[in-house]
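# A closer look at the structure
Each chain, written out:
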Amino acid sequence: MTVRDESHHSEQVDCDEALAEIYLLLDKECTPERDAELRRHIKECPPCLEEYGIDEQIKQLLARKCGGELAPAELKSRLKASIRNRVAERCGFVVSETEIVIERTTRTTEPPSAR
């Protein structure tokens, strides 16, 4: 099924795109615009809505059963890369990631003229 509501937006989301991005949607890793597009499609497509519901339940079950345990950073990185690759394969576009580095600096209490 393809969303064809041209009055609300010109982008069409097909089932392959929606299914490829379900976990990005569940993990709130989509832009607000993409989130709205995917939710619009899922709402209007019973097979995608069913898959979304199943994936959401799996995610909740894993959170309950693995509560408090954090996945190793390496595993998270590999999973994110795998998801990005799958989205690129299925949808033909690349999901990019921006890394932010925060450095802590130490300020001296001496005025610059006293140094």
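How each quantity is defined
Residues numbered from 1 in each chain as written. Predicted model: local features only at pLDDT ≥ 70, side-chain atom pairs only at ≥ 80, totals over all residues. Heavy atoms only, no water. Helix = DSSP H or I, 4+ residues; strand = E, 2+ residues; numbered from the N terminus. Expected span 1.5 Å × (residues − 1). Salt bridge = Lys/Arg side-chain N within 4 Å of Asp/Glu carboxyl O. Buried < 20%, exposed > 50% of the residue type's maximum accessible area, 1.4 Å probe, protein only. pLDDT = per-residue confidence, 0-100. Axes fitted to C-alpha atoms, helices over the stretch in contact; angles between N-to-C directions. Parallel < 35°, antiparallel > 145°, perpendicular 65-115°, else oblique. Contact = heavy atoms within 4.5 Å. Nonpolar A, V, L, I, M, F, W, Y, C, P; charged D, E, K, R; others polar.

### Things to note about helix α5 (residues 73-91)
In a regular helix each residue adds 1.5 Å, so 19 residues correspond to 27 Å; α5 covers 27 Å between its end C-alpha atoms and thus fits that length. Just downstream of α5, Gly92 is the residue with a positive phi angle, here 80°.

### Overview of the pattern of salt bridges
Under the definition given, this model contains six salt bridges. The partner of Arg34 in a salt bridge is Glu37, with the nearest N and O atoms 2.9 Å apart. In this pair, Arg34 and Glu37 are both assigned in helix α3 (residues 32-44), three residues apart and thus about one turn of the helix distant. Overall, Glu37 belongs to the buried group, its relative accessible area being 13%. Each of Glu17, Glu21, Arg34 and Glu37 takes part in salt bridges that share partners, so that together they form one network.

### Comments concerning the side chain of Asp55
You can see Asp55 is positioned in helix α4 (residues 46-65). A relative accessible area of 8% places Asp55 in the buried class.

### Some thoughts on the confidence of the model for the chain
This prediction gives the chain a mean pLDDT of 75; 69% of its residues lie at or above 70. Looking over the chain, one finds the lowest element-wise mean pLDDT in α5, namely 82, and the highest in α3, namely 92.

### Digging into the packing of α3 against α4
Running from N to C, α3 and α4 cross one another at 110°; their axes reach a closest spacing of 5 Å. Considering their axes alone, α3 and α4 lie roughly perpendicular with respect to each other. Residues Arg39, His41, Ile42 and Glu44 of α3 pack against Pro46, Cys48, Leu49 and Tyr52 of α4. Broken down by class, the residue content of the contact of α3 with α4 amounts to five nonpolar, one polar and two charged.

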